[in-house]
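# Examination of the molecular architecture
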Amino acid sequence: MKIITAVFVVLAIGCFSNAYGVTFNQEVNAYIQNLEKQAKQQDPSFKGFSAERGKQIFFDQQPHQKLGKISCTSCHTDDVRKQGKNAKTGKVIEPIAPSANPKAFTSVKNLEKWLKRNFNDVYGREGTAKEKGDSILYISQY
Amino acid sequence: MRLAIILSLFLSISISSYALADSGKYERKGYVPQSKLLKPVKYKLYLDECGACHFAFQPELLPARSWQKMMNTLEDHFGDDASLDEESTAQIAAFLKWESAEQSSSKRAQKFLRSIRPNESPLRITETRYFKDKHDEVDPSVYKRKSIGSPANCIACHTTADKGNYQDEFVKVPRR
């Protein structure tokens, strides 16, 4: 009986912990599983996402025409729990860490939009499935 | 009863004509005629998506052809990728088209429109003749102040820009 109740509670909240110990909703979990599948297809030696690689992606500086240098931290600061600021317009950006922003990592549409845009802005190309998963893992652990 | 209505009508007419006769005094009281205002943006999708990165400019500030060009080039939006899913792009494009300068009854919007050559589709509001004329006394260094950043940050100085009010009396240029 207790087990059934527990299952119901989990279902009701719609949250499932994945292999990485980070809790997302069902939609985002499915998205990450799909990224995993893609990463395996692209690289058979792929053994799962890494927050450490994600951190590198987040901090790595790239040359930028207008700003000189750019990295994810240019707008999001080096602490994902803090409010950021658009490096060009100055507009405030809400924290992207789930602990500081309950809306973070709750919508796949939003997640895909920003991953595409921001990889293009910083790296001049879209991220691979592996890079996307690594970044998500790094940010969402906070 | 009828007398009361006539009396109050008469009274209100005489008050408003007094106000008109002394408009200088009343203008400073904060009332701005509708014709001088732009429509405050209330469209949530536009505020959420475009307003996430920059001030949500009133669509009346540019002609429809400019907005069309803008929405077709979101992947390279002044050097940034601002691309959206197809549905959101189409919805925002429609909003911008139907609320553009051509559709506006605002005198200010019409001045913007008239200052743009018919064969031009500027993407930057700040590059229009009208904008430049209105800001010709502003030293370029002012825009570089930390709290302003660029001339595109309307609301940094036009404190009521989000309400569509760009009247001089509501301008406050930050010192830093």
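Only a predicted model underlies this, so the values are computations on that prediction, with no experimental measurement involved.

Calculation notes
- Residues numbered from 1 in each chain as written.
- Chains lettered and ligands numbered in written order.
- Predicted model: local features only at pLDDT ≥ 70, side-chain atom pairs only at ≥ 80, totals over all residues.
- Heavy atoms only, no water.
- Helix = DSSP H or I, 4+ residues; strand = E, 2+ residues; numbered from the N terminus.
- Buried < 20%, exposed > 50% of the residue type's maximum accessible area, 1.4 Å probe, protein only.
- Contact = heavy atoms within 4.5 Å.
- Areas by Shrake-Rupley, 256 points an atom, 1.4 Å probe, with all protein chains shown as cover.
- Phe/Tyr/Trp six-rings, centres within 6.5 Å; stacked < 30°, edge-to-face > 60°.
- Polar contact = N/O pair within 3.5 Å; in protein donor to acceptor, adjacent residues only side chain to side chain.
- pLDDT = per-residue confidence, 0-100.
- Buried area = accessible area lost by both parts, 1.4 Å probe.
- Salt bridge = Lys/Arg side-chain N within 4 Å of Asp/Glu carboxyl O.
- Nonpolar A, V, L, I, M, F, W, Y, C, P; charged D, E, K, R; others polar.
- Patch = residues over 30% accessible without salt bridge, like charges linked within 9 Å, V, L, I, M, F, W, Y side chains within 5 Å.
- Lys, Arg positive; Asp, Glu negative; His and termini not counted.
- Charge placed at Lys NZ, Arg CZ, Asp CG, Glu CD.
- Arc of directions from axis to C-beta.

Quick look at the overall build of chain A now. Along chain A, the regular secondary structure elements total six helices and six strands. For chain A, the N- to C-terminal ordering of α and β elements is α-β-β-α-α-β-β-α-β-β-α-α. Taken across its 142 residues, chain A has 40% of its residues classed as buried. Within chain A, counting contacts between residues at least 6 apart in sequence, those at least 24 apart form 47% of the total. Within the structure as shown, chain A displays about 8500 Å² of accessible surface, and the carbon and sulfur contribution to it stands at 55%.

Take the overall build of chain B next. If you tally the helices and strands in chain B, you get nine helices and zero strands. Residues classed as buried in chain B amount to 35% of the 176 residues present. The long-range fraction of contacts in chain B, counting pairs at least 24 apart against all pairs at least 6 apart in sequence, stands at 57%. Carbon and sulfur atoms provide 57% of the accessible area of chain B, an area that totals close to 11400 Å².

Our focus in this paragraph is the packing of aromatic side chains. Residues and elements named next belong to chain A. In this structure the tally under the stated criterion is 12 aromatic pairs over all chains. Ring geometry for phenylalanine 58 versus tyrosine 138: centroids 5.5 Å apart, planes at 45 degrees, classification tilted. Pair noted here: phenylalanine 58 is in helix α3 (residues 51-59) and tyrosine 138 is in helix α6 (residues 129-140), with a separation of 80 residues, a long-range link. Phenylalanine 58 sits in the buried class, given a relative accessible area of 4%. Pairing phenylalanine 59 with tyrosine 138 gives two aromatic rings, centres 6.4 Å apart and planes at 70 degrees, and the pair type is edge-to-face. Pair noted here: phenylalanine 59 is in helix α3 and tyrosine 138 is in helix α6, with a separation of 79 residues, a long-range link.

This paragraph deals with the environment of arginine 145 of chain B. Residue and element names in this part refer to chain B. By secondary structure assignment, the location of arginine 145 is in the loop between α8 (140-143) and α9 (154-157). In contact with arginine 145, not counting residues within four places along its chain, are Val173, Pro174, Arg175 and Arg176. At a separation of 2.8 Å, a polar atom in the side chain of arginine 145 contacts the main-chain carbonyl oxygen of proline 174.

A few words on the confidence of the model for chain B. Averaged over every residue, the pLDDT of chain B is 89; residues scoring 70 or more account for 83%. Low pLDDT, under 50, characterises residues 13-22 of chain B; the stretch is placed with three contacts to residues that sit more than four places away or in other chains.

This part takes up the side chain of threonine 126 of chain B. Inspection of the secondary structure assignment puts threonine 126 of chain B in the loop between α6 (107-114) and α7 (129-134). Excluding its chain neighbours within four sequence positions, the residues that come into contact with threonine 126 of chain B are Phe131, Lys132, Pro151 and Ala152 of chain B.

Turning to the interface of chain A and chain B, a few remarks are in order. With 13 residues of chain A in contact, the opposing surface of chain B contributes 18 residues. Across the chain A to chain B interface the summed buried area is about 1300 Å²; carbon plus sulfur atoms make up 34%. Counting across the interface, chain A meets chain B through five salt bridges. When the shortest N-O distance is used, the salt bridge between glutamate 75 of chain B and lysine 116 of chain A registers 3.0 Å. Applying the counting rule to chain A against chain B returns 13 residue pairs in polar contact (both at pLDDT 80 or more). For the side of chain A that touches chain B, a count of residues per class yields two nonpolar, three polar and eight charged.

The next subject is a negative patch on the surface. Residues and elements named next belong to chain B. Together, Asp136, Glu137, Asp168 and Glu169 make up a region of like negative charge exposed at the surface. Its location among the elements puts aspartate 136 in the loop between α7 and α8. Classification of aspartate 136 by relative accessible area gives exposed; the value is 61%.

Residue and element names in this part refer to chain A. Position of lysine 82 relative to the elements: it lies in the loop between α4 (73-76) and β5 (84-85). Considered as a pair, lysine 82 and isoleucine 93 are 11 residues apart in the sequence and their alpha carbons are 9.1 Å apart. The contact partners of lysine 82, leaving out residues within four places of it in the chain, are His76, Thr77 and Pro95.

Okay, unusual backbone geometry next. The backbone of phenylalanine 105 of chain A shows a phi angle near 55 degrees, a positive value even though the residue is not glycine. Relative to the helices and strands, phenylalanine 105 of chain A is located in the loop between β6 (92-93) and α5 (108-123). Classification of phenylalanine 105 of chain A as buried rests on a relative accessible area of 11%. Unlike most non-glycine residues, phenylalanine 78 of chain B shows phi in positive territory, near 55 degrees.

Attention shifts here to helix α4 (residues 64-72) of chain B. Residues and elements named next belong to chain B. Among the residues making up α4, those that are buried are Ser66, Trp67, Met70 and Met71. The buried residues of α4 occupy an angular sector of 130 degrees when projected down its axis, which confines them to one face. The outward face of α4, more than 90 degrees from its buried face, is lined by the exposed residues Gln68 and Asn72. In the core, the buried residues of α4 are packed alongside α3 (44-49) and α5 (86-98).

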